[in-house]
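Each chain, letter by letter, is given below.
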Amino acid sequence: MDMLIYQKEFSGKLTGRFSKHKLNQQLAMAGLLSLSAFIFQHPAWAADLGSQNANTIELNDGDKIIADLRNNGHLYGVFNQYATANINLANDVSIIVNDPASIANGIIMAGDNSVLTANRLSLEVDGTYPTGLDISGNNASVDLGSDSKIMINGSGSMNGIYIHSSGSTLQAERLLVMMTTTGDKTNNSGAGIRSDADDTLINLGQGSAIYTTGNESYGIRISGSSKFEATELTIDTKGEFSHGVQVGNSSIVNLGTDSKITTSGTESHGVWNFGDFKADGLTIKTTGANSAAIDTRDNGVTNIGAGSHLSATQAGALVAYNTDSGKATVNFSGTAAQRNTISSGGSYGASAQFNSIVNLSNTDIYIDRAGALGRGLWALGGGKITGDNLMIKGAAATRGVYAQTNSQIDLTGDTTIYMANPADMAIATQHNEGYAASRINAMGKLNIQGGILSHGGLINLDMQSGSLWSGRAFSDNVNGGELNITMTDSRWNMTADSNLDKLVLNHSTVDFSEDKTGSLLTVGDLSGHGRFILRTDLVGDGIASTGDKLVVTGESAGDHQLTVLNSGSLATTGHEVLTVVETQDGQATFTSTGKVELGGYLYNVRKNGTNWELYSSGIDVPLPDPKPEPKPQPDPDPSISTSADAGANFLNIGYLMNYAETQTLLQRMGDLRQNGKNGDMWLRGFAGKFDSFAGGKLSHFDMNYSGIQLGADKRVSTELPLFAGIFMGQTHGKPNYRSGDGTTKSDSAGLYATYMANNGFYLDGVAKYSHIKNSFNVKDSQNNRVNGNGNSDGFSASLESGQKFSLNQPGNGFYIEPQAQFSYSHQGTSNVVASNGLKVDLGSYESMIGRVSAVVGYELQQGDNSLNVYLKTGYLREFSGDTDYRLNGSPESHSFKGDWWNNGVGVSAQMNQQHTLYLDLDASTGDKFNQSQINAGYRFSF
């Protein structure tokens, strides 16, 4: 029993203040050596111990050291001084040093060539200026195994692990270092792991973590020629001037893959590098003011691999900066499969300053400075940035790519620069007196939203196939600066007045896409083969006209196309002329891609001297030679647009539909003569086509139509051969215009009365009301769909007379019947508003048509059945028919006057004095239109 008590008291301390050798001597003298050998075989029992201070210290698994000794007044847990130490802390040893009022140290190893080993060590230190592990002896070797923990609490300068001896090594895996400030936070400099000696190697293996709190409390602080290695390392610092990693001159830090660094204090960079820093899959987030994610200084070199993500919410994210003659370099390299990201709420995403270098690839950069001026890429003071396959996205008022004070930025590959507003700067240089011009070069497939502005700088863009740019261009030519752009199979949407020095277009488009018309593009030298899309606002006679304009102040070359966009809402007259291109030499060629529809009229482009102008294309009048008094040329009669043609042709539709519905008596209601005793009901259908319409500007119109009419009539009395009837009908039309078609529908109703004398004389009168609905859907000259609709009301009246002369017995044999007819109609006004803004006002009109014709027929009657076969011919003339229409207020005239011949053949048959069938074929040929029509009907007498 006494022996067991003795063991518990000394087993954990035998190699500390009471050495194992001395104890063996005493045990041998006591005759207990054999028993002691048994007692000290492993596994030994864990024990609670005090401070350890021998050169050779070996603890048992699970021992617990509670510091109770001091060195120079400083409390410590394990201490070695000067002599070479061999310290084995076994497994799961815990060391607690608690002295909040004074300096406290967990482990001090000061002897050269000392060795410290441990596994799952737990080290807790609480004090002022505390240190967890202090290695000051040269060539020391420290192995903390796996899952060790170092927790530091207190005030003042503190370090988790501090190595200030050359040639030392530290290794651990899944190490946890925690430092927490409990006192005054204004002076707590230190680091989770710190080395300021030469030739030191620190390897933390995989999955370690460092957490620090307090001002100037770094996560890792490496200086001298030390080397630090880790992978999947986590660093979190809180406090001002508390960098995640600080790398000194000649030091090397490699964080392997998937490490994470977080800082939250002011001036607390994620990585502050003066040496050599490397990591792949690195994530850094800083939230404090002026806290960069990566700040590389002087001769520092930083290499960051794929899958890395930097975020600095109140500072620039990545910077290379020289304070002397060095050349700081940062390589931030993502891949197509694992792109890197940079997010900044400060003044830049990535910046090369004062002869430093930043190389970026496959990286997405986001800039958001809450409305202040942030920059995606910023080069100044001779700095140089290269970027390959970059994406830059900026919030309002930020700048995408910016160079000043003799700096250079080169972009290649697929580059996207997307600013929140096209008016913001996507690419720009800044002029500063006393500095050479900065340079920005971009080549590849570019997708840019924002302005490209050369203020005293040299900008060259080579926009390769598929590129798109929306923004304005500007060059002030200060300090030898220029803005030169080459575009291949690309598009530029110009959002404001622009100027540049050289523009080379290889099958590319420049679109004057600003909402307002009257934009100006000024180019020094123009060449290649391009297309310009312009907008214009022609008003009146052209004096107040405005429009987009291209001005070439230097050399012009190449063949270019002009597309002036259609605008149906303009109040044009067809007589305006507007210059759209100005050149000094007239060497380039500009042609229109097609007719231009402005208001209701068509325009084209022609050369005038060294300029090109927009003019009405109705009549191509050659420009007069520059003689003192050129002979005046006739005003052109401008052609109307496709939508104007379709809308105004509603006039023709109403006229022709009414004519088709009110033709001759036989076509309208069958042959009353074949049964003139009783009342009748009748049904007729008809179909036909009008074509080759010659109506001035409304020519080249045709229409297929079909209709049905239903009526009933009754003889007034047996003594008086007078019939009175009513009818109603509906007609559908399918009009075809120059570049589209439409639909029309006419609903009609009317009254008629017919007097038929026994001697073959007849007199027929008709009154009819109709309501017509029209719609059209056409393509304009630039293949845009335009539609519109309208409706109108009309009234018509007709009086027809004829005399039938039988050449044989009445009712049998041949007969001749001369006829005459006069019809009057009135069609009301109509308004059509097309989808392109064109307003077509259709005037009312009167029609007076006279017809004289003759019918030659043959009749055959047998019992209650009869047959009538006939031929007819006639001449018709329109005596009135003048009308007008307005295209956005511009008047145009139209007339239906003309004459035509009508010929036909028909047959009617009556059976049992009740059923009458007829079929009629008509054809008309005239100077206004041609018509062909088929009529079929049925009449039931009762």
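Residues numbered from 1 in each chain as written. Predicted model: local features only at pLDDT ≥ 70, side-chain atom pairs only at ≥ 80, totals over all residues. Heavy atoms only, no water.

In the nomenclature of an unreviewed UniProt entry, the protein is known as Outer membrane autotransporter barrel domain-containing protein of Pragia fontium DSM 5563 = ATCC 49100.

Student: Teacher, can you tell me more about the overall build of the protein here?
Tutor: Tallying secondary structure elements over the protein gives six helices and 76 strands in all. For the protein, with 942 residues in total, the buried portion stands at 53%. Taking all contacts inside the protein whose residues are at least 6 apart in sequence as the whole, residues at least 24 apart take part in 68%. Surface exposure of the protein reaches about 37,000 Å², of which carbon and sulfur atoms provide 52%. (Helix = DSSP H or I, 4+ residues; strand = E, 2+ residues; numbered from the N terminus. Buried < 20%, exposed > 50% of the residue type's maximum accessible area, 1.4 Å probe, protein only. Contact = heavy atoms within 4.5 Å. Areas by Shrake-Rupley, 256 points an atom, 1.4 Å probe, with all protein chains shown as cover.)

Student: Would you take a moment to explain the sheet that holds strand β69 (residues 839-842) for this structure?
Tutor: If you trace the four strands from one edge of the open sheet to the other, you get β68-β69-β72-β73, paired in antiparallel fashion. The two strands at the open ends of the sheet, each matched to only one other strand, are β68 (830-833) and β73 (890-895). The mean inter-strand angle of the sheet, taken between neighbouring strand axes irrespective of direction, is 20°. Packing against the sheet, helix α5 (residues 650-661) makes contact with β68, β69, β72 (882-887) and β73, and its axis sits at approximately 150° to β72. (Pairing = 2+ DSSP bridges. Axes fitted to C-alpha atoms, helices over the stretch in contact; angles between N-to-C directions.)

Student: How should I be thinking about the side chain of threonine 181 in this particular structure?
Tutor: Positionally, threonine 181 belongs in strand β14 (residues 176-181). Separated by 2.5 Å, the side chain of threonine 181 and the backbone oxygen of threonine 213 make a polar contact. (Polar contact = N/O pair within 3.5 Å; in protein donor to acceptor, adjacent residues only side chain to side chain.)

Student: Help me out: how do you make sense of unusual backbone geometry in this one?
Tutor: Most peptide bonds are trans, and most residues other than glycine sit at a negative phi. Phi is positive for aspartate 199, which is not a glycine, with a value near 55°. Relative to the elements of secondary structure, aspartate 199 occurs in the loop between β15 (190-195) and β16 (201-206). Residue aspartate 199 is classed as exposed on the basis of its relative accessible area, which comes to 55%. Phi at asparagine 389 takes a positive value of approximately 60°, unusual for a residue other than glycine. By secondary structure assignment, the location of asparagine 389 is in strand β36 (residues 384-394).

Student: What is the right way to read the nonpolar core from this model?
Tutor: Nonpolar side chains in soluble globular proteins generally cluster together in the buried interior. If you look at the biggest cluster of nonpolar residues, it comprises 170 residues, and the most contacted ones within it are Leu144, Phe228, Leu255, Leu377 and Phe532. Sort the elements by how many residues they give to this core and α5 lands first, with eight residues. With residues up to four places along the chain from it excluded, the contact list for leucine 255 reads Ile220, Phe228, Ala230, Thr231, Glu232, Leu233, Val245, Ile261, Phe277, Lys278, Ala279 and Leu282. (Core = buried A, V, L, I, M, F, W, Y, C linked by side-chain atoms within 4.5 Å.)

Student: Help me out: how do you make sense of the packing of aromatic side chains in this one?
Tutor: The way to describe two aromatic rings as a pair is by their centre distance and the angle between their planes. The tally for this structure, following the rule as stated, stands at 23 aromatic pairs. Aromatic pair tryptophan 469 and tryptophan 492: ring centres 4.2 Å apart, planes at 5°, arrangement stacked. Pair noted here: tryptophan 469 is in strand β45 (residues 468-471) and tryptophan 492 is in strand β48 (residues 491-494), with a separation of 23 residues, a long-range link. Considered together, tryptophan 469 and tryptophan 492 belong to a single accessibility category, that of buried residues. Here phenylalanine 690 and tyrosine 705 contribute two aromatic rings whose centre-to-centre distance is 5.0 Å and whose plane-to-plane angle is 25°, an arrangement assigned as stacked. (Phe/Tyr/Trp six-rings, centres within 6.5 Å; stacked < 30°, edge-to-face > 60°.)

Student: Is there a simple way to think about the pairing of β36 in this case?
Tutor: On a regular strand, one side chain projects to one face of the sheet and the next to the other, so that they alternate. Judged from the ten bridges that link them, strand β34 (residues 357-367) and β36 form a sheet pairing that is parallel. Across the sheet, tyrosine 366 pairs through a bridge with lysine 393, a residue of β36. Here five bridges tie β36 to strand β38 (residues 408-412), and the two strands are oriented parallel to one another. Within β38, the residue paired with lysine 384 across the bridge is glutamine 408. Examined bridge by bridge, β36 and strand β39 (residues 415-419) share four bridges and lie parallel to one another. By the bridge assignment, lysine 393 is partnered in β39 with tyrosine 418.

Student: For this particular structure, what's the right way to read the pairing of strand β25 (residues 276-280)?
Tutor: Covered by surrounding structure in β25 are Phe277 and Ala279 only, the residues Asp276, Lys278 and Asp280 on the alternate face being uncovered. Sheet topology note: the strand β22 (residues 252-257)/β25 ladder contains four bridges and is parallel. From the neighbouring strand, isoleucine 252 faces β25, where its bridge partner is aspartate 276. As defined by bridge partners, β25 adjoins strand β28 (residues 301-304) across four bridges and the pair is classed as parallel. Within β28, the residue paired with phenylalanine 277 across the bridge is threonine 302.

Student: Quick question: what am I supposed to make of the pattern of salt bridges here?
Tutor: Side chains that differ in charge, positive against negative, can pair when their charged atoms come close. Scanning all chains against the criterion turns up 23 salt bridges. Taking the shortest distance from any N to any O, the salt bridge between arginine 491 and aspartate 511 comes out at 2.7 Å. In this pair, arginine 491 sits in strand β48 while aspartate 511 sits in strand β49 (residues 498-512), placing the two residues 20 residues apart along the sequence. When its relative accessible area of 29% is taken as the criterion, arginine 491 is described as partly exposed. By relative accessible area, aspartate 511 is classed as buried at 6%. For glutamate 613, the salt bridge identified is with arginine 606, shortest N-O distance 3.0 Å. As far as burial versus exposure is concerned, glutamate 613 and arginine 606 are alike and both buried. One network of salt bridges, in which partners are shared, links Asp147, Glu173 and Arg174. (Salt bridge = Lys/Arg side-chain N within 4 Å of Asp/Glu carboxyl O.)

Student: Which parts of the structure should I look at to understand α5?
Tutor: In an α-helix there are 3.6 residues to a turn, and that puts residues three or four apart on one side. With twelve residues, α5 ought to run about 16 Å at 1.5 Å a step, and its terminal C-alpha atoms sit 17 Å apart, in line with that. Among the twelve residues of α5, twelve are classified as buried, and the element is accordingly described as predominantly covered. For α5, the full list of buried residues reads Phe650, Leu651, Asn652, Ile653, Gly654, Tyr655, Leu656, Met657, Asn658, Tyr659, Ala660 and Glu661. (Expected span 1.5 Å × (residues − 1).)

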